[in-house]
Protein chains: 2
Amino acid sequence: ETMEVTLKTEAEAGASGFSVKGGGNEGIFIKKVLKESPASKIFSLREGDQLLSATIFFDNIKYEDALKILQYSEPYRVQFSLKRKIVVQEEIEHPTAQYKKERISQVDI
Amino acid sequence: ETMEVTLKTEAEAGASGFSVKGGGNEGIFIKKVLKESPASKIFSLREGDQLLSATIFFDNIKYEDALKILQYSEPYRVQFSLKRKIVVQEEIEHPTAQYKKERISQVDI
């Protein structure tokens, strides 16, 4: 008897030591995992796992590599996590304004 | 007065119409967003946004593109979402076994 589970790996750098197969409708699957590799020891990848998605963190990434990743992923479903500076309008001073975001920086305007 | 917020975009295909700058310690930032492009209309990207991460979904992805994305992201922090078939041991039948995962398929063994 088998069951299917969905799981998230650790978020770490250096995901080496595995190969994939498949593509298209079929999906992408882990083909081979080298013993003692980061893929095995850190990410706990197993042969036969289906790769549903990969979240790539852009901290300390080379411009060229970020560009390539964005270019290759363009045809596919993607979700970005963003940090945005927003100008807080005067209304925020109003006692009725409800702001749940934490104010983390303050700049004179 | 400004504040910083972290936000997630829609998860959609076809994130075109924007360019990035930066890299390394500095981080990756949105440099330019074309008006009326998917980057603007679907993903709501704005110039100056910092790209913290991108989650790429591997449904219907070409093998070669998945490979490139995995290769380019290897040096950087990455987190995978996986689907795994697990064999359910006899112990699951035991009334004391606690399994929170939903059983979604059943196969004779």
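Residues numbered from 1 in each chain as written. Chains lettered and ligands numbered in written order. Predicted model: local features only at pLDDT ≥ 70, side-chain atom pairs only at ≥ 80, totals over all residues. Heavy atoms only, no water.

Named according to an unreviewed UniProt entry, chain A is AHNK2 protein originating from Neodrepanis coruscans.

A. Highlighting the relation of the copies chain B and chain A. Once chain B is rotated about the relating axis by 180 degrees and shifted along it by 0.0 Å, it coincides with chain A to within an RMSD of 0.0 Å. Taken together, the rotation and translation relating the two chain copies correspond to the operation of a two-fold axis. Scanning chain B for the C-alpha nearest the rotation axis identifies Thr55(B), at a separation of 2.0 Å. A share of 100% of interface residues in chain B that are also interface residues in chain A marks the association as one of identical surfaces. (Least-squares fit on C-alpha atoms with pLDDT ≥ 70 in both. Contact = heavy atoms within 4.5 Å.)

B. Focus on the UniProt feature "domain: PDZ" (unreviewed entry) in chain A. The positions that UniProt labels "domain: PDZ" (unreviewed entry) are, in the present scheme, residues 4–71 of chain A. A helix fraction of 19% and a strand fraction of 35% characterise residues 4–71 of chain A, whose end C-alpha atoms lie 32 Å from each other. (UniProt positions renumbered as here; feature names shortened; annotations may be inferred. Helix = DSSP H or I, 4+ residues; strand = E, 2+ residues; numbered from the N terminus.)

C. A look at the interface of chain B and chain A. Counting residues at the interface gives 76 residues for chain B and 76 residues for chain A. The junction of chain B with chain A conceals about 9100 Å² of combined surface from both sides, 57% of it contributed by carbon and sulfur atoms. In this assembly, chain B and chain A are joined by 6 salt bridges. Here Lys85(B) ties to Glu4(A) by a salt bridge, and the two come within 3.4 Å at their closest N and O atoms. If you look at where chain B meets chain A, you find 47 residue pairs in polar contact (both at pLDDT 80 or more). Contributing elements (two or more residues each) for the side of chain B that touches chain A: β1 (2–8), β2 (18–22), β4 (50–57), α2 (63–73) and β5 (78–87) of chain B. A class-by-class count of the residues in the side of chain B that touches chain A yields 36 nonpolar, 19 polar and 21 charged. One ladder, built from 7 bridges, connects strand β5 (residues 78–87) of chain A with β1(B); its direction is antiparallel. (Buried area = accessible area lost by both parts, 1.4 Å probe. Salt bridge = Lys/Arg side-chain N within 4 Å of Asp/Glu carboxyl O. Polar contact = N/O pair within 3.5 Å; in protein donor to acceptor, adjacent residues only side chain to side chain. Nonpolar A, V, L, I, M, F, W, Y, C, P; charged D, E, K, R; others polar. Pairing = 2+ DSSP bridges.)

D. Layout of the side chain of Ser81(B). As for its placement among the helices and strands, Ser81(B) is situated in strand β5. When its relative accessible area of 10% is taken as the criterion, Ser81(B) is described as buried. Setting aside residues up to four positions removed in sequence, Ser81(B) forms contacts with Thr6(A), Leu7(A), Lys8(A), Gln50(A), Leu51(A), Leu52(A) and Ser53(A). (Buried < 20%, exposed > 50% of the residue type's maximum accessible area, 1.4 Å probe, protein only.)

E. Molecular detail of the packing of aromatic side chains. Throughout the structure, instances matching the rule amount to 5 aromatic pairs over all chains. Between the NZ or CZ atom of Arg77(A) and the centre of the ring of Phe57(B), over which it lies, the distance is 4.0 Å. (Phe/Tyr/Trp six-rings, centres within 6.5 Å; stacked < 30°, edge-to-face > 60°. Lys NZ or Arg CZ within 6 Å of the ring centre and 35° of its normal.)

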